[in-house]
Each structure stands twice: as C-alpha cells, then as structure tokens.
Amino acid sequence: MFKSFLLSVLEILSLKNIFNKINDCHNTEDFRKLAKSKLPAPIFHYIDGGADDEITLRRNTEAYEQCDLIPNVLAGVENIDLSTTVMGQKIDMPLFCSPTAVQRLFHHEGERAVSKAAEKFGTMFGISSLGTVGLAEIGSTINTPKMFQLYYHKDRGLTESMLEQCHEANFDVLALTVDTIVTGNRERDLRTGFTMPLRLSLSSLMSFAIHPTWAINYFTHKKFDLPILKDHINEANFVVNLGEYFTSMLDQSMNWNDAEELRKKWGKEFCLKGIMSVEDAKRAVDIGATGIIVSNHGGRQLDGSRAPFDQLSEIVDAVGDKIDVICEGGITRGTHVLKALSLGAKACSGGKMYLYALAAGGQRGVEKALSNLQSEMIRDMKLMGCTKVSDLSRNNIRFR
Ligand SMILES: Cc1cc2nc3c(=O)[nH]c(=O)nc-3n(C[C@H](O)[C@H](O)[C@H](O)COP(=O)(O)O)c2cc1C
C-alpha cells in the first residue's frame with residue numbers, strides 16, 4: 001500500500017521532468033550525460049567503462065572518423081527503405097540492440113523496456129544470459145526477431161536449460177559469445193566495487209542517497225534476480241563481481257567442436273559474437289554458423305584489440321558472400337551504420353547506444369534513442385543519394 005503510494009507520487013513528480021529531459025536528448029552523448037546524472041556511480045561506470053586503459057573502447061568510435069562518405073545527388077530520394085535481412089530475420093532498420101547484462105539495474109523496466117522499444121522500431125532485440133527478465137515473458141510479449149546470447153557454462157545442465165528456454169519462448173537466433181573466456185580488466189569496476197546484485201557499502205550508500213529516484217525504484221520494484229540462470233545457481237549466495245562469475249562459472253575449455261555441437265543442438269540461426277580475425281571468420285563458416293558479429297565486446301575485454309570497423313573489410317572480403325557479417329562497437333551515429341554497410345556489413349548492432357537511454361528514461365528513453373538514430377539514418381541516406389541499404393557500396397567511402 002505504502003509502496004504503491006510512494007511509487008505514484010514519485011512517478012507524478014518525476015514524469016514531466018523526465019519527458020522534458022528526454023526530448024532534449026538529440027544524440028548518444030546527450031543520453032550519456034543524462035544517464036550519468038541519474039545513476040549511482042558504480043552502475044554508470046559499469047555501463048560506460050572498458051578494459052585497462054580503454055584504448056580499444058575509444059578507438060571503436062574513432063575508427064569511424066578516419067573515413068568519409070561520398071554522396072551522389074539528384075537521385076530521387078523521397079522514399080527510403082532502411083530494411084535488411086540478417087540471419088534470416090527481416091528487420092526494418094539495419095541496427096539492432098545487442099544483448100547486454102542486468103538491465104534492471106540500470107532502470108527498473110530493464111529488458112521489458114528495451115524489447116518493447118525494439119519491437120516498436122521493427123528491429124531485433126538481443127537478451128543476455130545475464131538477463132533480468134525471463135525468456136518466456138519476452139517470447140510471449142515481443143513480435144520482432146529475438147536473439148538469445150549464450151555464455152557457455154561449465155554446468156552443461158545450465159546450457160541445456162537455456163537452449164530449452166529459448167526453444168520454448170520461440171527465440172529466432174542464438175549468439176554464442178566467444179570473447180569472454182576470462183573477463184576483461186575493468187578498473188572502473190574495481191574502483192567503484194561494482195557487484196551483482198549491488199552490495200551495500202558506505203560509498204554505495206552515499207551514491208544511493210544522492211540518486212534517490214533510482215534507489216527508490218530499485219528497492220520498491222521486483223527484487224533483482226537472474227531468471228534465466230536461477231534454477232542453476234544458489235541465489236542466496238549469488239553476489240559476485242563479474243570476474244568471479246566468468247572464472248567460476250564459464251568453461252574456459254570451450255573450443256570449435258563445442259561451438260559446432262551447440263549449433264547442431266540449437267538447429268536454428270546461429271552466430272558467433274566476438275569474432276575479430278579472418279581465420280576465425282572462416283572457421284565460423286566451416287561449422288555452419290549463419291552469422292558472425294565482428295566485435296571486441298565494446299572495448300570491455302582485450303584492450304589493444306583492433307576496432308571492429310577497422311577490421312571489417314578484411315572479414316567481409318574473406319567470408320562476406322558465405323555468412324552474414326554484423327559490425328558492432330562504438331556506434332553512436334547513423335553515419336557510422338552507413339559506413340559499415342558501405343564496407344559490406346549486413347547490419348550493425350550496439351549496446352551503449354540504447355543503454356544510456358534506458359538508464360535515462362526506461363522505454364521512453366530507448367524509443368527516443370532509436371528514433372534519433374533512425375531519423376539520422378533516413379536523413380543520411382537521402383543526403384547520400386541512396387534509397388535502400390543495398391545502394392551503399394565501397395564506391396561511396398574513402399579512407400583518408
Ligand atoms: C553494460 C554492458 C553489458 C554487457 N553485457 C553483455 C553480455 O551479457 N553478453 C554479451 O555477449 N555482451 C555484453 N555486452 C557487450 C555488448 O553485447 C556489445 O558487444 C557492446 O556493447 C558493443 O559495443 P557498444 O556498447 O560500443 O555498442 C555488454 C555491454 C555493456 C555496455
């Protein structure tokens with residue numbers, strides 16, 4: 001009773017304010033600033049940070065700035081079709097939501113908000129093994145394509161259980177993450193003491209105190225849990241930092257045979273998330289994967305790893321006619337997507353481009369972020385003299 005009263009008051013007080021602020025967010029950086037003002041520091045830095053010196057994190061976006069688009073004019077561009085088909089899924093725009101962990105920590109609506117926003121824009125929604133909303137719920141509420149991201153656990157029963165949950169919830173694509181054999185060295189998380197769920201310490205209490213709206217929402221909505229894993233972990237003891245999770249639960253012996261076996265067991269569209277070398281791209285084709293996500297996990301794993309956009313041409317030249325190549329990491333603008341498509345990517349995906357918006361304003365925030373990016377892509381296509389994604393090619397891009 002008191003809880004619902006408190007929530008109503010909070011919603012009335014904050015809604016107008018939130019709507020105005022979200023409408024003022026015109027790009028990813030605006031959302032980043034708003035998210036920073038709303039989140040306790042450990043949570044903001046968990047989203048925002050990368051590994052070691054964050055060189056790869058920065059390069060992921062900078063890579064797009066080393067080349068230029070060459071437009072054509074007088075092309076009759078009143079109608080733009082942004083749709084593309086990737087791994088058998090027709091999506092209305094060539095940018096989809098990468099799977100990211102623990103979204104209810106960022107905003108109490110979590111994956112519910114992101115999946116509904118993705119559906120509204122007719123694009124694919126990816127959910128992580130560390131999702132905080134169950135697969136059955138997503139499966140029964142979302143009609144656009146759904147991707148499940150699988151971490152390969154030592155506990156084979158858990159992997160089987162996740163495949164079963166995905167089949168039952170009618171997921172379309174399985175993405176096996178292959179770039180987290182150990183966790184990256186995320187020094188911001190070490191400094192802030194980030195854990196899942198949040199552990200109360202003196203400094204986190206301070207952080208909650210100065211972000212009361214986030215804290216009230218977090219503590220008055222459904223308790224934090226990991227429904228996809230929950231039957232296989234002892235939730236009472238499940239307070240870990242990410243390093244502990246990856247080391248204690250994931251299987252470091254995972255190899256190409258395991259990936260191939262998993263693809264066969266799954267039997268539907270299958271991709272490897274975190275491919276960076278041509279050799280691995282070719283092996284992905286050999287084991288029958290239908291897609292590869294060229295990615296360095298958003299600069300959160302191997303610092304000093306090449307940026308996906310820098311590596312894209314080599315991979316497309318080697319396997320682009322045999323497998324769908326998706327480019328991911330550092331995307332903050334519509335022109336970034338157009339540049340990756342020009343080099344031969346089938347589609348792009350992104351994490352932070354929607355996560356800041358989720359933290360800033362739940363579903364409404366994510367819708368505004370996707371709407372900004374969609375408008376940019378439409379405007380940019382018109383300025384490029386292109387009416388459909390397949391009009392983009394290497395003829396319209398040059399490196400400096
Ligand atoms: C907060 C956060 C959590 C993430 N969690 C996962 C995860 O659980 N599984 C996964 O495969 N990738 C995860 N990623 C990586 C994303 O799927 C994606 O590779 C990355 O965000 C792309 O870079 P971008 O954020 O620059 O777009 C996460 C990324 C962020 C920012």
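Cut-offs applied
- Residues numbered from 1 in each chain as written.
- Predicted model: local features only at pLDDT ≥ 70, side-chain atom pairs only at ≥ 80, totals over all residues.
- Helix = DSSP H or I, 4+ residues; strand = E, 2+ residues; numbered from the N terminus.
- Rg over C-alpha atoms; globule rule 2.2 N^0.38 Å.
- Buried ≥ 20, exposed ≤ 12 C-beta atoms within 10 Å, placed from the backbone.
- Contact = placed C-beta atoms within 7 Å.
- Axes fitted to C-alpha atoms, helices over the stretch in contact; angles between N-to-C directions.
- Parallel < 35°, antiparallel > 145°, perpendicular 65-115°, else oblique.
- Left-handed = near helix turned anticlockwise from the far one by under 90°.
- Nonpolar A, V, L, I, M, F, W, Y, C, P; charged D, E, K, R; others polar.
- Near = placed C-beta within 6 Å.
- Expected span 1.5 Å × (residues − 1).
- Arc of directions from axis to C-beta.
- Core = buried A, V, L, I, M, F, W, Y, C linked by C-beta atoms within 7 Å.
- Pairing = 2+ DSSP bridges.
- Right-handed = clockwise from strand over helix to strand, strands pointing away.

J.: Even after reading the chapter, I still don't get the overall build of the protein chain, so can you show me in this structure?
T.: Within the protein chain, the secondary structure is distributed over 17 helices and 12 strands. Taking 2.2 N^0.38 as the reference for a compact globule, 400 residues should give roughly 21 Å; the C-alpha atoms of the protein chain span a radius of gyration of 20 Å, in line with that estimate. Counting only C-alpha atoms and orienting by the principal axes, one finds that the protein chain spans roughly 60 × 50 × 40 Å. Taking all 400 residues of the protein chain together, the buried fraction comes to 48%. Across the protein chain, contacts joining residues at least 24 apart in sequence account for 75% of those joining residues at least 6 apart.

J.: Please explain the packing of helix α6 (residues 110-120) against helix α17 (residues 352-384) as it appears in this structure.
T.: Two measures define how a pair of helices packs: the angle their axes make with one another and the distance between the axes. As a packed pair, α6 and α17 sit with axes 8 Å apart at the nearest point and diverge in direction by 20°. One element, α6, and the other, α17, form an angle in the roughly parallel class. α17 is crossed by α6, and the crossing has left-handed handedness. Here Ala-113, Val-114, Lys-116, Ala-117 and Lys-120 of α6 come into contact with α17, specifically with Tyr-354, Leu-358, Gly-362, Gln-363, Val-366, Glu-367 and Leu-370. Residue composition of the contact of α6 with α17, grouped by class: seven nonpolar, two polar and three charged.

J.: I'm lost on the site of the ligand in this one. Help?
T.: Around the ligand, the surrounding shell holds 24 residues, and the nearest of these are Ala-101, Ser-128, Gly-298, Gly-350 and Gly-351. Among the secondary structure elements, those contributing two or more residues to the shell around the ligand are α3 (41-48) and α17. With three residues, α17 is the largest single contributor of residues to the shell around the ligand.

J.: When you look at helix α8 (residues 156-168) in this model, what are you seeing that I'm missing?
T.: Structurally, the α-helix is built with 3.6 residues per turn, so residues lying three or four positions apart point the same way. Spanning 13 residues, α8 covers 18 Å between terminal C-alpha atoms, matching the ideal 18 Å at 1.5 Å per step. Thr-159, Met-162 and Cys-166 are the residues of α8 that are buried. Viewed end-on, α8 has its buried residues packed into an arc of 60°, placing them on one side of the element. Seen from the buried face of α8, the exposed residues on the opposite side, beyond 90 degrees, are Arg-156, Gly-157, Glu-160, Glu-164 and Glu-168. Its buried side turned inward, α8 meets α7 (135-141), β6 (146-150) and β7 (173-177). Positive phi shows up at Asn-170, right after α8, with a value of about 60°.

J.: Honestly, the nonpolar core in this entry has me stumped. Any pointers?
T.: In summary, soluble globular proteins display a tendency toward joint burial of nonpolar side chains. In this structure, Ile-292, Val-294, Val-325, Ile-326, Ala-345 and Tyr-354 are the most contacted members of the largest nonpolar core, which totals 105 residues. The biggest single contributor to this core is α17, with 15 residues. If we ignore the near neighbours within four places in the chain, the residues touching Ile-292 are Cys-271, Leu-272, Ile-275, Ala-281, Ala-284, Ile-323, Val-325 and Ile-326.

J.: Looking at this structure, how should I read helix α4 (residues 55-62)?
T.: Within α4, the full set of buried residues consists of Thr-56, Leu-57, Arg-59 and Asn-60. If you follow the buried residues of α4, they end up packed against α15 (308-319).

J.: How should I be thinking about the packing of helix α2 (residues 28-38) against α17 in this particular structure?
T.: Contact pair α2 / α17: the axes reach a minimum separation of 7 Å and the direction vectors enclose 105°. For the element pair α2 / α17, the angle class is roughly perpendicular. Of α17, the residues touching α2 (which contributes Thr-28, Phe-31, Arg-32, Leu-34, Ala-35 and Lys-38) are Met-353, Tyr-356, Ala-357, Ala-359, Ala-360, Gly-365 and Ala-369.

J.: Explain the environment of Arg-379 to me, please; I cannot follow it from the model alone.
T.: Along the polypeptide, Arg-379 turns up in helix α17. Along the backbone, Arg-379 and Thr-335 are 44 residues apart, and their C-alpha atoms lie at a distance of 9.6 Å.

J.: Sorry, what's going on with the pairing of strand β9 (residues 291-294) here?
T.: Side-chain direction in a regular strand flips from residue to residue, so the side chains alternate between the two faces of the sheet. Burial along β9 is two-sided: the face carrying Gly-291 and Ile-293 and the face carrying Ile-292 and Val-294 are both buried. Sheet analysis places strand β8 (residues 269-275) next to β9, joined by four bridges and oriented parallel. Opposite Leu-272, over in β9, you have Ile-292 as the bridge partner. Looking at chain direction, β9 and strand β10 (residues 324-328) are connected through four bridges and run parallel. Counterpart to Ile-293 in the pairing with β10 is Ile-326. As for the winding sense of the linkage, the β-α-β connection from β9 through α15 to β10 is right-handed.

J.: Whenever I open this one, the pairing of β7 confuses me. Can you help?
T.: Of all five residues in β7, five are buried; the element is thus mostly enclosed. Along β7, one buried face is formed by Val-173, Ala-175 and Thr-177 and the opposite face, lined by Leu-174 and Leu-176, is buried too. Looking at chain direction, β6 and β7 are connected through four bridges and run parallel. Note that in β7 the partner of Leu-150 across the bridge is Leu-176. At this point the chain moves from β6, through α8, to the parallel β7, and the crossover so formed is right-handed.

J.: I would appreciate a short explanation of the environment of Arg-283 in the present structure.
T.: Mapped onto the elements, Arg-283 comes out in helix α14 (residues 278-286). For the pair Arg-283 and Trp-256, spaced 27 residues apart in sequence, the C-alpha to C-alpha distance is 8.1 Å.

J.: Whenever I open this one, unusual backbone geometry confuses me. Can you help?
T.: When glycine is set aside, most residues are seen to have a negative phi, and most peptide bonds are trans. The backbone phi angle of Met-87 is positive, close to 45°, even though this residue is not glycine. Note that Met-87 resides in the loop between β2 (84-86) and β3 (89-91). When the 26 C-beta atoms within 10 Å are taken as the criterion, Met-87 is described as buried. One non-glycine residue, Val-102, adopts positive backbone phi at about 40°. Within the element layout of this structure, Val-102 appears in the loop between β4 (95-97) and α5 (103-106). By the C-beta count within 10 Å, which is 20 here, Val-102 ends up buried.

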